[in-house]
Amino acid sequence: MATVTHSKKACAVNPLKMSAPIGAALAFLGLDKCMPLMHGSQGCTAFGLVLFVRHFRETIPLQTTAMNEVTTILGGLDNLEQAILNIHKRANPEVIGICSTGLTETKGEDVDGYLKLIRKRHPELDETELVYVATPDYQGAFQDGWGKAVTRIVTTLCEPRPRTAWQVNVLPGCHMTVADIEEIREIIESFGLYPIIAPDLSGSLDGHIPETFLPTTLGGASVEKIRTMGGSAVTIAIGEQMRWAAEALQEKTGVPFRLFDRLTGLEANDDFLQFLSELSKDEIPLKYRRQRSQLVDAMLDAHFFCGGKKVAIGAEPDLLWQIGSLLTEMGCEIEAAVTTTHSVLLERIAAEEVLIGDLEDLEQRAAGCDLMVTHSHGRQAAERLEIPFLRMGIPMFDRLGAAHKLSVGYRGTRDLIFEIGNIFLANLHENQPDSWPLPQHERESLPC
Amino acid sequence: MSALSSKVEAVFDEPGCNVNQGKSDKERKKGCAKQLTPGAAAGGCAFDGAKIALQPIVDVAHLVHGPIACEGNSWDNRHAASSGPKLYRTGFTTDIGDLDVVYGGEKRLFRAIREIIEKYNPPAVFVYQTCVTAMIGDDIEAVCKAASAKFAKPVIPVNAPGFAGSKNLGNKLGGEALLDYVVGTEEPEFTTPYDINIYGEYNLAGELWQVKPLFDALGIRVLANISGDARYSDVAQSHRARAAMMVCSRALINIARKMEERYGIPYFEGSFYGISDTSESLRNIARLLVQQGAPQELLARTEALIASEEARAWARIEPYRARLSGKRVLLITGGVKSWSVVSALQEIGIEVMGTSTKKSTREDKARIKEIMGDESHMFDDLPPREMYRILKNSEADIMLSGGRSQFVALKAKTPWMDINQERHHAFAGYEGMVELMKQIDRLLYNPVWTQVRRPAPWEENS
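Visitor: Could you give me a rundown of the overall build of chain B, with the residues and numbers involved?
Guide: A tally of regular secondary structure across chain B gives 21 helices and 13 strands. For chain B, whose C-alpha radius of gyration is 23 Å, the value lies close to the compact-globule estimate of 23 Å for 462 residues. For chain B, the spread of C-alpha atoms along the three principal axes comes to 70 × 65 × 50 Å. In chain B, which comprises 462 residues, the share counted as buried stands at 58%. By sequence separation, contacts in chain B at least 24 residues apart represent 72% of the contacts at least 6 residues apart.

Visitor: Explain the packing of helix α11 (residues 208-218) of chain B against helix α15 (residues 297-324) of chain B residue by residue, including any values.
Guide: Residue and element names in this part refer to chain B. Two elements in contact, α11 and α15, have axes whose closest approach is 10 Å; the angle formed by their N-to-C orientations is 140 degrees. What the angle tells us is that α11 and α15 run oblique. Along this stretch, α11 crosses α15, giving a crossing that reads as right-handed. Taking contact as the criterion, the partners of L214, A217 and L218 in α11 are, on α15, L298, R301, T302, L305 and E309. For the contact of α11 with α15, the residue count by class is five nonpolar, one polar and two charged.

Visitor: An account of empty space enclosed by the protein is needed here, citing residue identities and associated values.
Guide: Inspection of every chain in the model, using the stated rule, returns three cavities of 30 Å³ or more. By volume, the largest cavity amounts to about 170 Å³. Lining the largest cavity are 19 residues, with S41(A), C44(A), A69(B), C70(B) and C131(B) sitting closest to its centre. Where the lining of the largest cavity is concerned, the elements lending two or more residues are α2 (42-56) of chain A together with α5 (68-72) and α8 (131-135) of chain B. The element best represented in the lining of the largest cavity is α2(A), accounting for three residues. In terms of residue class, the lining of the largest cavity is made up of 12 nonpolar, six polar and one charged.

Visitor: Explain the interface of chain A and chain B to me, using residue names and the numbers behind them.
Guide: When the parts of a complex come together, some accessible area is lost, and that lost area is often taken as the interface size. Taken residue by residue, the interface counts 60 residues in chain A and 62 residues in chain B. Buried surface at the junction of chain A and chain B, both sides included, amounts to about 5200 Å², of which 59% is carbon and sulfur. In this assembly, chain A and chain B are joined by four salt bridges. Across the salt bridge formed by R379(A) and D76(B), the nearest N and O atoms sit 3.0 Å from each other.

Visitor: How would you explain helix α7 (residues 142-157) of chain A if you had to name every residue and give the values?
Guide: At 3.6 residues per turn, the α-helix brings residues three or four places apart onto the same side. All names here are of chain A. Taking 1.5 Å of rise per residue, 16 residues should cover 22 Å, and α7 covers 23 Å from first to last C-alpha, within 8% of that figure. Among the 16 residues of α7, 12 are classified as buried, and the element is accordingly described as predominantly covered. All buried positions along α7 are accounted for by F142, Q143, D144, G145, W146, G147, A149, V150, T151, I153, V154 and L157.

Visitor: Please provide a residue-by-residue account of the nonpolar core, values included.
Guide: As a rule of thumb, nonpolar side chains are buried together in soluble globular proteins. Core analysis: the largest hydrophobic core is formed by 107 residues, its most contacted members being L26(A) and F272(A). Counting 55 residues, the second largest nonpolar core, distinct from the first, contains F268(B), L331(B), M378(B) and L436(B).

Visitor: So what's going on with the domain arrangement of chain B? Residues and values would help.
Guide: All names here are of chain B. Looking at chain B, the domain boundaries give domain 1 (33-181), domain 2 (195-312) and domain 3 (325-424). Placing the centre of domain 1 and that of domain 2 at their C-alpha centroids yields a distance of 28 Å. If you look at the interface, domain 1 gives 29 residues, while domain 2 gives 23 residues. Across the interface of domain 1 and domain 2, roughly 1900 Å² is buried in total on both sides, 59% from carbon and sulfur atoms. Of all residues in domain 1, A81, K172 and L179 bury the most surface against domain 2, accounting for 27% of the area lost on that side. The partner of K258 in a salt bridge is E176, and the shortest N-O contact between them spans 2.9 Å.

Visitor: Run through the layout of surface pockets, naming residues and quoting values.
Guide: Its volume calculated, the second largest pocket comes out at about 620 Å³. Along the wall of the second largest pocket there are 31 residues; nearest its centre are H6(A), K17(A), D95(B), G97(B) and R108(B). Looking at the lining of the second largest pocket element by element, the count peaks at four residues for helix α6 (residues 98-103) of chain B. Across the lining of the second largest pocket, the residue classes tally to 11 nonpolar, 10 polar and 10 charged.

Visitor: Describe the side chain of D144(A), and please don't skip the residues or the numbers.
Guide: On the secondary structure map, D144(A) appears in helix α7. Buried and unpaired, D144(A) has K148(A) as its nearest opposite-charge partner, separated by 6.8 Å.

Visitor: Tell me about the sheet that holds strand β5 (residues 195-201) of chain B, and please be specific about residues and values.
Guide: Residues and elements named next belong to chain B. If you trace the four strands from one edge of the open sheet to the other, you get β6-β5-β7-β8, paired in parallel fashion. Each edge of the open sheet is held by one strand with a lone partner, namely β6 (221-227) and β8 (267-269). Direction aside, neighbouring strands of the sheet carry axes that sit 20 degrees apart on average. Note that strand β7 (residues 243-246) and β8 share three bridges and pair parallel. From the neighbouring strand, A244 faces β8, where its bridge partner is Y267.

Visitor: Describe the environment of V170(A), and please don't skip the residues or the numbers.
Guide: All names here are of chain A. As for its placement among the helices and strands, V170 is situated in strand β7 (residues 164-172). For V170, a relative accessible area of 1% gives the class buried. When the C-alpha atoms of V170 and I236 are compared, they prove to be 4.8 Å apart, with 66 residues separating the residues in sequence. If we skip the residues at most four places from it in the chain, V170 touches I184, I188, P195, I196, I197, A198, I236 and I238.

Visitor: Let's hear about the packing of aromatic side chains: which residues, and what values?
Guide: One pass over the full model with this rule turns up 12 aromatic pairs over all chains. For the pair F47(A) and F47(B), a centre-to-centre distance of 5.9 Å together with 75 degrees between the ring planes defines the contact as edge-to-face. In this pair, F47(A) is assigned in helix α2 and F47(B) in helix α4 (residues 46-54), connecting two distinct chains. Across the pair, F47(B) and F47(A) agree in class, each one buried. A centroid spacing of 6.1 Å and a plane angle of 70 degrees characterise the contact between F215(B) and F272(B), whose relative ring orientation is edge-to-face. With F215(B) in helix α11 and F272(B) in the loop between β8 and α14 (275-291), the pair connects residues that are 57 residues apart, well separated along the chain. Judged by relative accessible area, F215(B) falls into the buried class, the value being 0%. In textbook terms, an aromatic cluster arises when at least three aromatic residues are bridged by ring pairs, as seen for F47(A), F47(B) and Y128(B). The ring of F424(A) has K309(A) sitting right over it, with the charged end atom 5.3 Å from the ring centre. It is R221(B) that lies over the ring of F190(B); its NZ or CZ is 4.3 Å from the centre.

Visitor: Describe the side chain of S41(A), and please don't skip the residues or the numbers.
Guide: Take S41(A): it is sitting in the loop between β3 (34-39) and α2. The buried category is assigned to S41(A), whose relative accessible area is 2%. If we skip the residues at most four places from it in the chain, S41(A) touches T64(A), M67(A), L103(A), C45(B), C131(B), G162(B) and F163(B).

Cut-offs applied
Residues numbered from 1 in each chain as written. Chains lettered and ligands numbered in written order. Predicted model: local features only at pLDDT ≥ 70, side-chain atom pairs only at ≥ 80, totals over all residues. Heavy atoms only, no water. Helix = DSSP H or I, 4+ residues; strand = E, 2+ residues; numbered from the N terminus. Rg over C-alpha atoms; globule rule 2.2 N^0.38 Å. Buried < 20%, exposed > 50% of the residue type's maximum accessible area, 1.4 Å probe, protein only. Contact = heavy atoms within 4.5 Å. Axes fitted to C-alpha atoms, helices over the stretch in contact; angles between N-to-C directions. Parallel < 35°, antiparallel > 145°, perpendicular 65-115°, else oblique. Left-handed = near helix turned anticlockwise from the far one by under 90°. Nonpolar A, V, L, I, M, F, W, Y, C, P; charged D, E, K, R; others polar. 1 Å grid on protein atoms, 1.4 Å probe; cavity = no way out; pocket = protein on both sides within 12 Å on 5 of 7 lines; lining within 4 Å. Points joined across faces, edges and corners; volume = space filled by probe spheres on them. Buried area = accessible area lost by both parts, 1.4 Å probe. Salt bridge = Lys/Arg side-chain N within 4 Å of Asp/Glu carboxyl O. Expected span 1.5 Å × (residues − 1). Core = buried A, V, L, I, M, F, W, Y, C linked by side-chain atoms within 4.5 Å. Domains from an automatic or database assignment. Lys, Arg positive; Asp, Glu negative; His and termini not counted. Pairing = 2+ DSSP bridges. Phe/Tyr/Trp six-rings, centres within 6.5 Å; stacked < 30°, edge-to-face > 60°. Lys NZ or Arg CZ within 6 Å of the ring centre and 35° of its normal.

Shown next as structure tokens:
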């Protein structure tokens, strides 16, 4: 429905997009006992680290190969080798997730080759998994980096195994929060199925207080569990960004997949639960029948306030699809949609235009809208335009509990609809004596 | 030798730096870039440093020439405050793609500058070089020169790509850009014998405004604060100051020394952290101004202000003495701040059970040793695991540090206070020390600590 256009500007103003390498690094942060390592200058790591610390309000393990001008020219083998050895010695993680950056990709580093050499030279690393993903900063966006990293994680660690009928894989996109992942797990388990979720940020970045201090991630999908994914009955991929990973896993292990492009909204969840019911040959649990009914009621209550409202959304494609579809289903009109990277979903969004652009573009198109939805960086624009602002996506650094925002499942959709409905409700325009003036010419022609 | 590497060498050969003065010729040649350990490094790059030093110039458009990572992952993440223009909080980047990497990004950069000038018309555009655009050979100096000529507006190249080195080096390279292209390009409408510059104060959380009223009371005008809450013209006119103060010594020493060399502006190194340090700094400013020809009576007025402000500060801190006396603080911060804050805390009876000296100079360390009595509580490097152990064993009542180690403290269920660049509270001058005590008190006595430390009932016996 939408025409997808690309910003013609030479200068991005107020970026919506973040880089692919840190998307990949976040995927690695969803693995247990993992140390993500960015192959680049130390700034590449420092910026990502600060960003995640501000969003999650947690310690973030993230390391760098600390490339400088000279090592960039001479090649980064030594730095990569030293970094891996140092990490192994100091933190002894089960897995080191390596992402390249613009710096090392411009040079043209052969990291796969380096890793073979390093493996050969250092048998002490035999117990440590090394997963490498190529993520040049100048290609794609955050969700692309996440998608690529998950693809490499499953293809590096999974092997075909004998099938277990009640075991299912879940590959969540990076737009799934900790709370979303917990909800999805609970729904799947309630059908008597056993989900293996990777990456699993709900294990590592959910804000728990561990009894000890570890320099690596603590919680998340373990290497051991990921290995068993090759023996699952099916893979559930959430978000188009996970298609590569689900396909790659299928190719490697034969596990078929079903992709859900979103789990927010009534129909989307009907499809999801119906699928689980067929898979498990179990009835839909009473709890979810009740929740569905609550959601329907919430939609009835909220539609008065949502209908006809104009919204402006700035989000990565999968999140844009998720929130945009819900708002459309509630009767809102998408006046402006700005995103970061290409996706097959963009054309299907119910807007005239979807622009791959920045927050300046969104701000220009959002004037007069009733709501702006984007990540925390939209705060300045929403303030200038004096329109209500709903924060969604990463980063969310000026609100507490970013990880625990729930928007999937019947219950999550219900609460999100309430949140949005309440914003509209709080901004209702009150009628004034001069709200309905007669046209100028009528007023002038009448004797007073 | 490239322009960048000769610049880096020159910055490392800083004669004004007291660390450098203690080195042999050979050591000095090597520069002071500490070799980073891959896989065990923390901290920002040179680009980050340049941005920290210059972005607080609030009316300028700061344009980052590079892939999305450099600006997209980091913009609007500091709290350098502005009293007016907000343009510095707008993120501008060329966001280069793979085609630019192949064909070069200079044309895109030129168009980006044009777009910014047409849409935002700032007094100047600062263009930051990054690793990728440096590697593919984009000549930002040439593009800036062409753009300056074409648009009749200062377009300033800041050549500090991330891989050139550390954040600290980037601070200095940022300073070099000001010296090369900005300082001395405009004349102030008028000058007074009381005009000063401050170097290295970024107005984080508005700290400049805690000390500016002191200057106002003395009739001292801050001609240019480089760079917190600065306007482009302030920096351009800063060569007409009579005297200068350099805070945060490691960052902009090259500016201080070269301003003295080129324009005869004497400077001293001081700090606004701590009561006695603030007083000492005011004295030094007055002394330098008088030495430069300001009327002698400034000295007496300064002493009178110090006396009344010190008394006012102590009176306000007094109520905290009983509550804070004997509390143990673990202080993790860099360089100058350590001893300033240590002495302030000790003045009201707080015990500093340990402090980091990672970024401190030899003189800093000597001074901390003098204040603390011995060296046993000085840590050169305190790994998070050890930090956690200290806090978990309740060897300290509160930790003061930067955001990086915040969660080490919180996971150990220990009060923590931010004293680094992301902080929201301002701790400068006399006001700042009152605020510091107030915040420590508020954190230490928050009732959550009893609740969060109590085990769940079912865990009590295990």
